[in-house]
Each structure stands twice: as C-alpha cells, then as structure tokens.
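Structure assessment
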Amino acid sequence: MADDNLNRKELLAWLETQPHEAPMAIASRAVLRVMPFLFPILQDDTKGKDIVLPLIYGMALPRAAAIYPARGKELAATAADAADAAAYAAAAATAANAAAAA
C-alpha cells in the first residue's frame, strides 16, 4: 500500500487482505486525528455537551470491535446510533453558527 492515492475499491480490496485488527486500528486512528479539530466545539458549553458522548463512542467502538469480534452486530448498531447523534449535533452546531453569523 505504498500508493497514497487509493480509490475506494482498492482500499476495500487491501483491507480484505489484512488481519481483522488492521481496519479497527485505522478507524481508531482516524477518530483520534479528527480530535484536534473538535476542540473549539468542545470548549463551547452549549455545543460541546452534545458531541462529547458520540465522540467517545466513536473512539471506543473500533477498539471494542477488535477485542470482541463476536459482538459485531451489537457494536454496529451502537456505532450507527452514535454516528446519527454526532451528525445531528454537528448539523445543529452548524445551524447555530450560521444563525449567529447572520
């Protein structure tokens, strides 16, 4: 995987050749890389509280899935709920910022 310009199909094909832990590690690292960009949101008491819990779920679920692969369906449902909550909180924060700027 020396080429950094993989398309989706190539990435999925490469992930299929890797041990189960590799995609989980990549997902965990991706969440950690986003964290610094969320600090301004987390410091705002009105918006931060709505995104902290989904963020923690987003960090913990890939790790839990790697440790407990047999519970994948249950973890996937929890991950979907956390993603929905994070998306809702992000949309609400964006709307609030737009309203404040207007």
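Residues numbered from 1 in each chain as written. Predicted model: local features only at pLDDT ≥ 70, side-chain atom pairs only at ≥ 80, totals over all residues. Heavy atoms only, no water.

1. What about the nonpolar core?
- Counting six residues, the largest nonpolar core consists of Val31, Met35, Leu38, Ile51, Leu55 and Ala89.
- At the level of elements, helix 2 (21-43) and helix 3 (45-67) are the ones that each hand at least two residues to this core.
- When residues in this core are grouped by element, the largest group, three residues, is from helix 2. (Core = buried A, V, L, I, M, F, W, Y, C linked by side-chain atoms within 4.5 Å. Buried < 20%, exposed > 50% of the residue type's maximum accessible area, 1.4 Å probe, protein only. Helix = DSSP H or I, 4+ residues; strand = E, 2+ residues; numbered from the N terminus.)

2. Examining the environment of Ile26
- Among the structural elements, Ile26 can be located in helix 2.
- Considering only alpha carbons, one finds Ile26 and Leu15, eleven residues apart in sequence, at a separation of 10.0 Å.
- Once residues lying within four places of it in the same chain are set aside, the contact partners of Ile26 are Trp14 and Leu15. (Contact = heavy atoms within 4.5 Å.)

3. Considering the environment of Tyr57
- Among the secondary structure elements, Tyr57 is positioned in helix 3.
- Counting along the chain gives 21 residues from Tyr57 to Thr78, while the straight-line C-alpha distance between them is 8.2 Å.
- Setting aside anything within four residues of it in sequence, one finds Tyr57 in contact with Pro62 and Ala82.

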